[in-house]
Amino acid sequence: MDFENDLNPAQHQAVTAAGGPILVIAGAGSGKTRTIVYRLARLVQQGVDPASILLLTFTRKAAQEMLSRASLLLGHGGDILPGVCGGTFHAFAYAALRRHHQALGFPQGFTVIDRADADELIGRIKDDLGLGKGDKSFPKKTHVAELIGKSRNKECRVADIISRESFHLLPHADDLERLADGYAAAKAAHHLMDYDDLLFLLERLLVEHEDVREFYRQRFTHIMVDEYQDTNRVQARLITLLAPHTGNVMAVGDDAQSIYAFRGATVDNILAFPRLFPGTAIIKLEQNYRSTQPILELTNAILQNAGEKYDKTLFSTRTDGPKPELLRPFSDITQARMAVAKIREMARKWPLHEIAVLFRAGYQSYALEVELGKANIPFQKYGGIKFSEAAHIKDVLAYPRVVANPLDPAAWTRCLSTVPKVGPKTAHKLMEAVRLGDQAAIDKAAHKHPQLAGLFAFLDALRAMPPQPGPILERVIAHHTPHLMEKYPDDYPRRLTGLEQLQQIASGYSSLDALLADMTLESPDEDKRKAREDHLVLSTVHSSKGLEWSAVLLLDLVDERFPSRHALTRDEDLEEERRLLYVACTRARDYLGLCVPETLYNRQAGVCSPVQASLFVRELPASLCTMVRESLSGRPVPQSDSPAFAPPRPLSGSAAAPPSGPIPACEPANPKTDPSLLGYCRHKVFGRGKIIARLEGGKCRVNFPGFGPKVILADYLEMEG
DNA sequence: AGGGCGACGCTTTTT
DNA sequence: GCGTCGCCCT
């Protein structure tokens with residue numbers, strides 16, 4: 001290892017810093033991973049036992065990547081550095097809780113439930129409490145689950161979350177609190193834990209059991225935490241519990257890339273770190289090795305318009321390269337066509353896996369996925385539906401779940417639903433009968449549903465087997481295949497392949513509990529299952545965190561989509577959207593294309609309505625990108641002189657761009673119709689409000705405090721200021 | 001009580 | 001394009 005030559009001075013300092021707390025502020029593309037990898041390798045080289053290193057990352061994939069790169073540096077070949085404990089906070093918490101579950105009053109262990117299971121449980125409690133019956137204003141179970149999750153992650157009452165961001169639900173605040181309590185009680189009664197419980201229970205374990213705390217403090221003498229800007233409060237407390245104040249803790253993060261505030265992450269953790277760990281060495285990595293200078297100029301400009309100032313300006317040694325392109329398809333429908341043309345063009349220069357298409361939300365790639373299918377371009381989608389979330393996988397895993405935890409309601413419902421004429425209601429009654437040992441009720445039900453006896457016999461047989469995942473899954477799949485064929489007559493072959501993959505995965509585990517927990521905590525790697533072919537990457541911006549590509553295309557950069565329209569009312573939400581765009585653009589090494597459709601297809605009306613370019617795009621100086629319009633043939637046509645962002649025009653307009661200056665420089669001729677003005681206004685009935693969008697036909701969407709968003713003709717509004 | 005069917009509404013991001 | 005809800009029949 002050549003530390004002097006492989007690292008720049010700041011990286012070198014971070015890698016070779018002696019023990020004690022270290023905070024590394026690592027700008028996008030500044031060699032953060034390289035720094036962590038080299039430090040890992042150096043620690044091991046200096047004789048630190050790998051087993052005493054704890055590496056906490058955002059995904060297990062990231063941990064594995066770092067460990068295998070460090071192994072390579074140490075000359076261990078591609079093998080993962082043996083002994084190092086690496087993974088997510090949640091996976092680490094699960095392992096610790098499993099080891100010490102008796103101490104917490106879970107003598108028989110517990111089951112980790114995912115979001116869908118939690119939703120279902122909440123739905124049942126909602127029904128039990130008789131909430132929302134015939135009341136359309138009562139939130140749906142998924143929304144309730146979201147509120148409860150938020151309140152726990154932000155560590156405040158459900159009522160506080162409601163009054164801060166969903167004030168229309170205030171009338172239901174008391175009922176929602178009751179629902180949250182009921183949910184917590186049901187989890188305890190059935191030995192279930194959701195994602196949040198894992199963290200809070202680990203905290204309780206470490207606080208209440210000094211011996212356990214000391215065990216971990218002695219076991220892990222070196223702790224490294226990646227993506228520290230996206231940790232929440234309980235995660236920060238866990239670090240202080242795991243490490244003494246003078247401990248060897250290295251936190252790495254970038255406040256400008258914080259994109260998980262919505263689930264309780266707080267950049268305050270970065271600011272507070274030096275206070276919690278006195279004597280922290282603070283090291284900043286600012287040189288960018290990833291992107292060309294023109295791309296960095298654009299990303300720097302995005303941050304410059306942020307309300308909160310980030311004291312960083314990335315600089316690159318890569319001065320070459322084209323400016324980012326601003327692609328203007330006619331609509332979000334033709335955007336897919338234009339993107340495919342662009343991807344074809346780029347595929348001449350780079351392999352497909354070096355090209356990525358990013359978007360704000362999963363559904364925004366549907367149209368593109370269809371076009372890619374037509375064009376025969378292979379792709380892999382990140383951040384979409386996960387392997388373990390597919391219905392048939394969950395169905396099959398339900399059997400071993402019942403074996404592992406006979407109180408798991410979601411698992412029982414799935415198993416019992418394979419019996420004809422048994423649905424959620426009967427399943428619940430039966431589960432209660434099993435729990436209470438009510439043999440009479442079971443016999444009665446077995447008489448009514450003849451196939452029930454077979455299912456119970458099968459489950460008993462499973463319980464009698466040694467708890468080895470491989471053989472158990474083999475039997476379960478054999479048992480379940482007829483049901484699968486019945487349930488999915490059209491595509492059961494595809495799903496059967498998925499089950500075979502599951503069988504493969506399962507045989508790699510020695511403990512059933514570990515398999516089940518991993519399936520809910522961390523879905524298996526996509527690329528392990530897919531043939532190693534060259535494919536384009538589609539991803540949500542959130543899932544693209546920490547990754548990079550030679551070429552990046554960004555879809556739907558229009559108001560209401562990016563920033564998401566849910567983020568328009570609160571300032572801090574809008575700021576998070578800005579950082580999200582920053583993360584997206586800093587993924588690109590050589591080429592960055594921003595797609596700004598001129599219209600959006602409106603399904604109800606069946607027409608394309610003009611939209612504005614995203615607020616963030618409108619703010620950018622026109623000189624930072626090149627504009628490319630879609631020609632009528634669908635091929636991209638570069639514009640000779642690139643006026644920045646034309647106001648939206650109807651499709652009927654000529655294909656040639658009307659002469660128009662950049663919006664930022666637009667003169668405010670008529671404040672009522674000027675589409676760039678999104679300030680405050682007054683309305684005779686609703687009072688003061690904030691204009692959040694300009695619509696066609698001289699209308700605006702205005703958010704009135706106390707009334708919510710309304711669409712109003714601009715003529716009825718009086719502009720303020 | 002289950003299951004099929006049509007209407008509706010909504011659609012952020014993830015461990 | 002999806003899940004969810006209510007209605008109606010079995």
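Scope of this entry: the structure provided in the associated data block.

### Some points on the overall build of chain A
A count of helices and strands for chain A gives 27 helices and 25 strands. Here chain A, with 721 residues, has 53% of them falling under the buried criterion. For chain A, long-range pairs separated by at least 24 residues make up 72% of all intrachain contacts whose partners lie at least 6 apart in sequence. Counting only carbon and sulfur atoms, one obtains 53% of the accessible surface of chain A, whose full area is about 32,000 Å².

### So, helix 3 (residues 32–45)
Side chains three or four residues apart in an α-helix point the same way, a direct result of the helix having 3.6 residues per turn. For helix 3, built from 14 residues, the straight-helix expectation of 20 Å at 1.5 Å per residue is met to within 8% by its first-to-last C-alpha distance of 20 Å. Most of helix 3 sits out of view: 10 of its 14 residues are buried. Among all positions of helix 3, only K32, T35, I36, V37, Y38, R39, L40, A41, L43 and V44 are buried. Of the residues flanking the end of helix 3, it is G47, one or two places downstream, whose phi is positive at about 100°.

### Brief notes about the packing of helix 18 (residues 409–416) against helix 21 (residues 451–464)
Relative orientation of the contacting elements helix 18 and helix 21 amounts to 130°, with a least axis distance of 11 Å. Judged by the inter-axis angle, helix 18 sits oblique to helix 21. Judged by residue contacts, W412, C415 and L416 of helix 18 engage L452, L455, F456 and L459 from helix 21. Per-class residue counts for the contact of helix 18 with helix 21 are seven nonpolar, no polar and no charged.

### Describing the protein's contact with DNA strand B
In the neighbourhood of DNA strand B, 24 residues make up the surrounding shell, with R360, G362, G423, T426 and S543 lying closest. Near-protein atoms of DNA strand B (within 4 Å) split between backbone and bases, with sugar and phosphate holding 56%. Within the side chain of H90, a nitrogen or oxygen atom sits 3.2 Å from a base oxygen of DNA strand B. Contact distances for DNA strand B include 3.1 Å between a base oxygen and a side-chain N or O atom of R263. Its residues assigned to classes, the surface near DNA strand B comprises six nonpolar, 10 polar and eight charged.

### Some remarks on a positive patch on the surface
Together, K133, K425, K429, K444 and K448 give the surface a local cluster of positive charge. Of all elements in the fold, only helix 19 (424–436) and helix 20 (439–448) reach the threshold of two or more residues within the positive patch. Mapped onto the fold, K429 is located in helix 19. Under the relative-accessibility criterion, K429 is labelled exposed at 63%.

### Description of the side chain of D559
In this fold, D559 is placed in the loop between strand 15 (549–554) and helix 26 (571–585). With relative accessibility at 7%, the residue D559 sits in the buried group. One polar contact links D559 to R618, side chain to side chain, over a distance of 2.7 Å.

### With respect to the packing of aromatic side chains
According to the stated counting rule, one finds 13 aromatic pairs in the structure shown. With centroids separated by 6.0 Å and ring planes inclined at 70°, the aromatic side chains of F92 and Y216 adopt a geometry described as edge-to-face. Here F92 is found in helix 5 (residues 89–99), whereas its partner Y216 is found in helix 11 (residues 210–219), with 124 residues between them in sequence. Y216 gets classed as buried once you look at its relative accessible area, which sits at 5%. Seen in terms of ring centroids, F273 and F277 are 4.8 Å apart; in terms of plane orientation they differ by 35°. Their pairing is tilted. For the pair F273 and F277, a shared accessibility class is recorded, and that class is buried. One aromatic cluster is present, built from ring pairs that chain together F92, F215, Y216 and F220. The ring centre of F3 lies 5.3 Å from the NZ or CZ of R42, which sits over that ring. Its end group placed over the ring of F58, K545 keeps NZ or CZ at 3.6 Å from the ring centre.

### Things to note about the pairing of strand 13 (residues 379–382)
The two faces of strand 13 differ: Q380 and Y382 on one face are buried, but F379 and K381 on the other face are not. Pairing of strand 13 with strand 14 (residues 536–540) involves four bridges; the strand directions are parallel. Within strand 14, the residue paired with K381 across the bridge is L538.

### Observations concerning the environment of R589
Positionally, R589 belongs in strand 16 (residues 588–595). A residue is classified by how much of its surface remains accessible, and R589, at 18% relative accessible area, is buried. Residues R589 and V552, 37 residues apart in the sequence, show an inter-C-alpha distance of 8.1 Å. The residues touching R589, leaving out its near neighbours within four places in the chain, are R290, S291, T292, I295, R318, E354, E548, W549 and S550. Side chain to side chain, R589 and E354 meet in a polar contact 2.3 Å long.

### Side note on helix 12 (residues 233–242)
With eight of its 10 residues buried, helix 12 lies for the most part within the structure. Those residues of helix 12 that fall on the buried side of the exposure criterion are V234, Q235, A236, L238, I239, T240, L241 and L242.

### Digging into the packing of helix 17 (residues 391–404) against helix 23 (residues 492–507)
One way to put it is that helix 17 packs onto helix 23 with a least axis distance of 9 Å and a crossing angle of 50°. The angle between helix 17 and helix 23 places the two elements in the oblique class. Taken as a pair, helix 17 and helix 23 cross one another with a handedness that is right-handed. Residue-level inspection shows H392, I393, V396 and L397 of helix 17 in contact with helix 23, the latter providing R495, G498, L499 and L502. Per-class residue counts for the contact of helix 17 with helix 23 are five nonpolar, two polar and one charged.

Criteria and thresholds
- Residues numbered from 1 in each chain as written.
- Chains lettered and ligands numbered in written order.
- Predicted model: local features only at pLDDT ≥ 70, side-chain atom pairs only at ≥ 80, totals over all residues.
- Heavy atoms only, no water.
- Helix = DSSP H or I, 4+ residues; strand = E, 2+ residues; numbered from the N terminus.
- Buried < 20%, exposed > 50% of the residue type's maximum accessible area, 1.4 Å probe, protein only.
- Contact = heavy atoms within 4.5 Å.
- Areas by Shrake-Rupley, 256 points an atom, 1.4 Å probe, with all protein chains shown as cover.
- Expected span 1.5 Å × (residues − 1).
- Axes fitted to C-alpha atoms, helices over the stretch in contact; angles between N-to-C directions.
- Parallel < 35°, antiparallel > 145°, perpendicular 65-115°, else oblique.
- Nonpolar A, V, L, I, M, F, W, Y, C, P; charged D, E, K, R; others polar.
- Near = heavy atom within 4 Å.
- Polar contact = N/O pair within 3.5 Å; in protein donor to acceptor, adjacent residues only side chain to side chain.
- Patch = residues over 30% accessible without salt bridge, like charges linked within 9 Å, V, L, I, M, F, W, Y side chains within 5 Å.
- Salt bridge = Lys/Arg side-chain N within 4 Å of Asp/Glu carboxyl O.
- Lys, Arg positive; Asp, Glu negative; His and termini not counted.
- Charge placed at Lys NZ, Arg CZ, Asp CG, Glu CD.
- Phe/Tyr/Trp six-rings, centres within 6.5 Å; stacked < 30°, edge-to-face > 60°.
- Lys NZ or Arg CZ within 6 Å of the ring centre and 35° of its normal.
- Pairing = 2+ DSSP bridges.
- Left-handed = near helix turned anticlockwise from the far one by under 90°.

Coordinates in, geometry out; function isn't part of it.
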